[in-house]
Amino acid sequence: MPTLSLNQVTIRYDGEPRPAIGSTSLTLDTGDFVVLTGRSGCGKTSLLNVAAGFITPSSGTAGIDGRSITTPGADRAVVFQNDALFPWLSARDNVSFALRMRGVPKAERDRRADELLERVRLPKAGGKAVWELSGGMRQRVGLARALAADPDFLLMDEPLGALDALTRERMQTLLLDIWAGANVGVLMVTHGIEEALLLGTRVAVMAPDPGRIVRVIETGFGRRYVAGEPVRSIKADKDFIAGRAELADAIFDGEPA
Ligand SMILES: Nc1ncnc2c1ncn2[C@@H]1O[C@H](COP(=O)(O)OP(=O)(O)OP(=O)(O)O)[C@@H](O)[C@H]1O
Ligand SMILES: [Mg+2]
């Protein structure tokens, strides 16, 4: 079972007097759903970018099972807020793009892409052009494309941030369904307090100056959804309501109201 670890990572951007991230450690196993949250500018994206291999830490190490992360790799798929699909390709061809690069024959990659589109609840969208898809649908195609490479880790930076509230709620359960069925470790950034609580097996709260993890809250609400409990009943649970207040306090600790 692969483990992604960030050990005492610091990030110092060129020309900046202070480090953006001060010595921060984080471990993610397959089966974990770790949510990174915290105020704007506290370093969530920076930390995720280290895990993705887009940024090399100034000190400390990032690795998977002892192998150092130095570049992006097929073992880690990344999904951004506005996923850049290729507008000249159909939904199916966007999803199967990585397979085409690997030389998988067309019939096989079409089959695999349609299977993935079904998993993101877009069973009939394969032939559609990107401009024919809604924002939520595009994000689902992006997710299917990320899963096509069969990654060990799914790294997502505010993947639902640009969606309307109703679509966002439906996407939250979709993410849980995908996580439960895919044998991946998820690292996801969000500003949504309820979203963090509902989805994460662990919520890491970051604070700025320098960016670091100041609080880790173990949660089990997503597992309850996966085990069959409706979201409505989970959100009405007094533990969920108390967790929401605790998480908000942790995020805004020290901030003037
Ligand atoms: N390429 C860069 N060069 C210089 N400074 C940067 C760079 N990228 C980020 N920073 C700085 O590092 C700090 C952390 O930024 P980061 O984008 O990681 O925060 P964030 O928590 O993702 O914020 P948000 O919630 O707004 O997305 C900020 O002070 C930001 O200005
Ligand atoms: Mg960010």
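Everything quoted here is computed from the prediction, not taken from an experiment.

### Considering the side chain of Gln172
Argument step 1. Secondary-structure assignment places Gln172 in helix α6 (residues 165-182).
Argument step 2. Ignoring sequence-local partners within four residues, the contact set of Gln172 consists of Leu160, Glu195, Leu198, Leu199 and Lys235.

### As for the pattern of salt bridges
Argument step 1. Applying the stated criterion across every chain, the model contains 17 salt bridges.
Argument step 2. Between Asp32 and Arg202 there is a salt bridge whose closest N-O contact spans 3.0 Å. Of this pair, Asp32 sits in the loop between β2 (21-29) and β3 (33-38) while Arg202 sits in strand β9 (residues 202-207), placing them 170 residues apart in sequence. Just as Asp32 is buried, Arg202 falls in that class too.
Argument step 3. Across the pair Arg111 and Glu108 runs a salt bridge whose closest N-O atoms are separated by 3.2 Å. Linking Arg111 with Glu108, this pair stays in helix α4 (residues 106-119), spanning three residues, or about one helical turn.
Argument step 4. Glu108 gets classed as partly exposed once you look at its relative accessible area, which sits at 35%.

### Considerations on the sheet that holds β2
Strand pairing in a sheet relies on backbone hydrogen bonds, with the paired strands running either antiparallel or parallel.
Argument step 1. Taken in spatial order, the four strands make up an open sheet running β2-β1-β4-β5, and their pairing is antiparallel. Either end of the sheet is taken by a strand with one partner, and the two such strands are β2 and β5 (67-68).
Argument step 2. The pairing of strand β4 (residues 59-64) with β5 spans two bridges and is antiparallel. The residue bridging Gly63 from the neighbouring strand is Ser68, located in β5.
Argument step 3. Against the sheet, helix α1 (residues 44-52) contacts β1 (3-11), β2 and β4, and its axis sits at roughly 130 degrees relative to β1.

### Overview of the packing of aromatic side chains
Argument step 1. Tallied over the full model, the rule gives five aromatic pairs.
Argument step 2. Between Phe86 and Trp88 the ring centres are 5.3 Å apart and the planes differ by 35 degrees, which places this aromatic pair in the tilted class.
Argument step 3. Look at Phe86 and you get partly exposed, because its relative accessible area is 24%.
Argument step 4. Measuring from ring centre to ring centre gives 5.0 Å for Phe221 and Phe240, while their planes differ by 80 degrees; the resulting arrangement is edge-to-face. Of this pair, Phe221 sits in helix α8 (residues 221-226) while Phe240 sits in helix α10 (residues 238-252); the two residues are 19 residues apart in sequence, bridging distant segments of the chain.
Argument step 5. On the basis of relative accessibility, which here comes to 8%, the residue Phe221 falls in the buried class.
Argument step 6. Through a chain of ring-to-ring contacts, three or more aromatic side chains come together here, namely Phe86, Trp88 and Phe97.

### Details of the UniProt feature "domain: ABC transporter" (unreviewed entry) in the protein chain
Argument step 1. Under the UniProt annotation, "domain: ABC transporter" (unreviewed entry) lies at residues 4-233.
Argument step 2. Strand forms 25% of residues 4-233 and helix 35%; the C-alpha atoms that close the span are 33 Å apart.

### Digging into the layout of surface pockets
Argument step 1. Roughly 420 Å³ of volume is contained in the largest pocket.
Argument step 2. Looking at the largest pocket, it is lined by 18 residues, and the ones nearest its centre are Arg76, Ala77, Val78, Arg145 and Ala146.
Argument step 3. At the level of secondary structure, the elements contributing two or more residues to the lining of the largest pocket comprise β6 (76-79), α3 (97-101) and α5 (135-148).
Argument step 4. Its residues placed into classes, the lining of the largest pocket shows 12 nonpolar, two polar and four charged.

Analysis parameters
Residues numbered from 1 in each chain as written. Chains lettered and ligands numbered in written order. Predicted model: local features only at pLDDT ≥ 70, side-chain atom pairs only at ≥ 80, totals over all residues. Heavy atoms only, no water. Helix = DSSP H or I, 4+ residues; strand = E, 2+ residues; numbered from the N terminus. Contact = heavy atoms within 4.5 Å. Salt bridge = Lys/Arg side-chain N within 4 Å of Asp/Glu carboxyl O. Buried < 20%, exposed > 50% of the residue type's maximum accessible area, 1.4 Å probe, protein only. Pairing = 2+ DSSP bridges. Axes fitted to C-alpha atoms, helices over the stretch in contact; angles between N-to-C directions. Phe/Tyr/Trp six-rings, centres within 6.5 Å; stacked < 30°, edge-to-face > 60°. UniProt positions renumbered as here; feature names shortened; annotations may be inferred. 1 Å grid on protein atoms, 1.4 Å probe; cavity = no way out; pocket = protein on both sides within 12 Å on 5 of 7 lines; lining within 4 Å. Points joined across faces, edges and corners; volume = space filled by probe spheres on them. Nonpolar A, V, L, I, M, F, W, Y, C, P; charged D, E, K, R; others polar.

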